[in-house]
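# Secondary and tertiary structure notes
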Amino acid sequence: MSSTLTQSVLSLNSITSALKSVTEGGSDSSVSQLQTTLAQITAIVSDLQTEGKAFVTSTTEAISKIKPEEAAKPSTYSDLLKNSVAGFSATVDSAIQTIAPLKDSVVSSGNLLQTTIAGLTSQLSSLQSTLASNQASLNKAQKSYSLLSGLGSLAGLSGLSGALDLVKKWQGVITANQQTFQDLQTALTEKNQLVGLLSSANSSIADIYNILPGLSDTLHFLQNDLANLASGVNEDSSASAVPVIVTTITGALAELNAALS
């Protein structure tokens, strides 16, 4: 089920905050860019909602204030629509064009993260094999040391010392590789969290992007189709045409108001 514009904005704000917490303050430059991109989208939509609500209110008031002698003329509504709708219609079309590359940027970031995750997963798999080999070498070195220790003086100090050094060497190698493994796991967990957040962000952006064309279509209908229709109505037909025109305008404004919620 699609979200409303307000729900989408709230979702994107929440995701932007979550991105910061995932990276412990947003130190990752790519994540910082994502936060900026999402903030740009939410700002565009929030401004659009504010301007849209003002447009609906002012247009509704303008209709209610039409003088009785002008209310019976279809051209009155044609002039009103052509003058009042143009500004907000341009704003909606501009928003669609501005959000498009931002939307693509978020998608690209998600694809890049998936590639990074695949690389980290491969590294972890390879490191697991390395650690298993390291452990086998350590076990072998420990057995040699234990054997030489059991021989006591027969093993010689140099032999015993060399065996101990070998044990320490493999212990050091394993410790270092285990730390690398933990670091990779942490990075992978973070990237998976980011992918989850980006998936949610893409869903919210898609909802926004699905709503805006509908707004644009309605506005273009008012500004062009209905306005032209009203201007072409002759005086003989005005009595029956005006109520239809007014009802259509009122219905379209209600539709816009709902879409902007």
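## Thoughts on the overall build of the chain
Across its full length, the chain carries 6 helices and 0 strands. Listing each helix as α and each strand as β along the chain from the N terminus yields α-α-α-α-α-α. Here the C-alpha radius of gyration of the chain, 34 Å, is well above what a compact globule of 261 residues would show, namely 18 Å. When the backbone C-alpha atoms are referred to their principal axes, the chain occupies close to 125 × 25 × 25 Å. Expressed as a percentage of its 261 residues, the buried residues of the chain come to 36%.

## Describing the packing of aromatic side chains
Under the defined criterion, the tally for this structure stands at 1 aromatic pair. Ring centres 5.3 Å apart and planes at 25 degrees place the aromatic pair F55 and F88 in the stacked group. Here F88 lies in helix α4 (residues 74–151) and F55 lies in helix α2 (residues 29–64), a separation of 33 residues in the sequence. Overall, F88 belongs to the buried group, its relative accessible area being 3%. In this structure, K169 is placed above the aromatic ring of W170, and the distance from its NZ or CZ to the ring centre is 4.6 Å.

## What about the pattern of salt bridges?
Where charged atoms of side chains with opposite charge meet at close range, the side chains can pair. Per the counting criterion, the structure on display carries 2 salt bridges. In this structure, E70 and K73 form a salt bridge, with 3.7 Å as the shortest nitrogen-oxygen distance. Judged by its relative accessible area of 39%, K73 is partly exposed. With a shortest N-O distance of 4.0 Å, E190 and K191 are connected by a salt bridge. With respect to class, E190 is no different from K191; both count as buried.

## Some words on the side chain of S89
Within the secondary structure, S89 is located in helix α4. The exposure class of S89 is buried, given its relative accessible area of 2%. At 3.4 Å, the side chain of S89 and the side chain of Q223 are in polar contact. Beyond its immediate sequence surroundings of up to four residues, S89 is in contact with L219, H220 and Q223.

## So, the packing of helix α1 (residues 5–22) against α2
Two elements in contact, α1 and α2, have axes whose closest approach is 9 Å; the angle formed by their N-to-C orientations is 160 degrees. Taken together, α1 and α2 sit at an angle that is classed as roughly antiparallel. For the crossing formed where α1 meets α2, the hand is left-handed. Two secondary-structure elements touch here, α1 through L5, T6, V9, L12, N13, I15, T16, L19 and K20 and α2 through V31, L34, Q35, L38, I41, T42, V45, S46 and Q49. Of the residues assigned to the contact of α1 with α2, the class counts are 10 nonpolar, 7 polar and 1 charged.

## Looking at the environment of S149
Tracing the chain through its elements places S149 in helix α4. The sequence separation of S149 and L160 amounts to 11 residues, and the corresponding C-alpha distance is 6.8 Å.

## Points about the environment of L127
Secondary-structure assignment places L127 in helix α4. With relative accessibility at 10%, the residue L127 sits in the buried group. Residues contacting L127, with those up to four places away along its chain left out, are N177, T180, F181 and L184.

## Overview of the environment of T247
Along the chain, the position of T247 falls in helix α6 (residues 235–259). Residues T247 and N134 lie 113 residues apart in sequence; the distance between their C-alpha atoms is 80 Å.

## Some words on α1
Under the 1.5 Å per step criterion, the end-to-end length of α1 is 25 Å for 18 residues, consistent within 8% with the ideal 26 Å. Taken together, the buried positions of α1 are L5, S8, V9, L12, I15, T16, L19 and V22. Taken down its axis, α1 places every buried residue within 145 degrees of arc, on the same side. The exposed residues of α1 that point more than 90 degrees off its buried face are L10, S17 and S21.

## Focus: the confidence of the model for the chain
For the chain, the average pLDDT comes to 86, and 92% of its residues sit at 70 or higher. When pLDDT is averaged over each element of the chain, α2 comes out on top at 90 and α6 at the bottom at 85.

## What to know about the side chain of S204
With respect to the secondary-structure elements, S204 resides in helix α5 (residues 157–231). When its relative accessible area of 6% is taken as the criterion, S204 is described as buried. Here S11 takes part through its side chain, which lies 2.9 Å from a polar atom of the side chain of S204. For S204, the residues in contact, after removing those within four places along its chain, are S8, S11 and L12.

Conventions and cut-offs
As a convention, each chain's residues are numbered from 1 in the sequence order in which they are written. Only residues with pLDDT of at least 70 are given local features in this predicted model, and only at 80 or more are side-chain atom pairs given and counted; all residues enter the totals for whole chains, interfaces and linings. Hydrogens and water molecules were not included; the side-chain quantities draw on all heavy atoms of the structure. Only DSSP runs of H or I with at least four residues qualify as helices, and only runs of E with at least two residues qualify as strands; both kinds are numbered from the N terminus onward. The reference for a compact globule is 2.2 Å times residues^0.38; the radius of gyration itself is calculated from the C-alpha atoms. Relative accessibility under 20% of the residue-type maximum defines a buried residue, over 50% an exposed one, and the middle range a partly exposed one, all with a 1.4 Å probe and only protein chains included. Working definition: a ring pair exists when centres of Phe, Tyr or Trp rings (six-membered ring for Trp) sit within 6.5 Å. Plane angles under 30 degrees give stacked, over 60 give edge-to-face, the rest tilted. Lysine and arginine charges are scored as sitting over a ring when NZ or CZ, respectively, is within 6 Å of the ring centre and within 35 degrees of the ring normal. When a carboxyl oxygen of Asp or Glu lies within 4 Å of a side-chain nitrogen of Lys or Arg, that pair is called a salt bridge. Here a polar contact is recorded for every N or O atom pair within 3.5 Å, except that within protein the pair must consist of a potential hydrogen donor and a potential acceptor, and residues adjacent in sequence are included only if both atoms are side-chain atoms. Throughout, a residue-residue contact means that at least one pair of heavy atoms, one from each residue, lies within 4.5 Å. Between the N-to-C directions of two axes lies an angle of 0 to 180 degrees, each axis being a line fitted to C-alpha atoms and, for a helix, fitted only over the stretch in contact. These descriptions rest on fixed angle ranges, namely under 35 degrees for roughly parallel, over 145 for roughly antiparallel, 65 to 115 for roughly perpendicular, and the rest for oblique. If you view the pair so one helix is near and one far, a crossing is left-handed when the near helix is turned anticlockwise from the far one by less than a right angle, and right-handed when it is turned clockwise. Note that Gly is not counted as nonpolar here; it falls among the polar residues with everything else outside the nonpolar set of Ala, Val, Leu, Ile, Met, Phe, Trp, Tyr, Cys and Pro and the charged set of Asp, Glu, Lys and Arg. A helix is expected to span 1.5 Å multiplied by its residue count minus one. Regarding the arc, it is the one traced by the directions from the helix axis to the C-beta atoms. Per-residue confidence from the predictor is given as pLDDT, running between 0 and 100.

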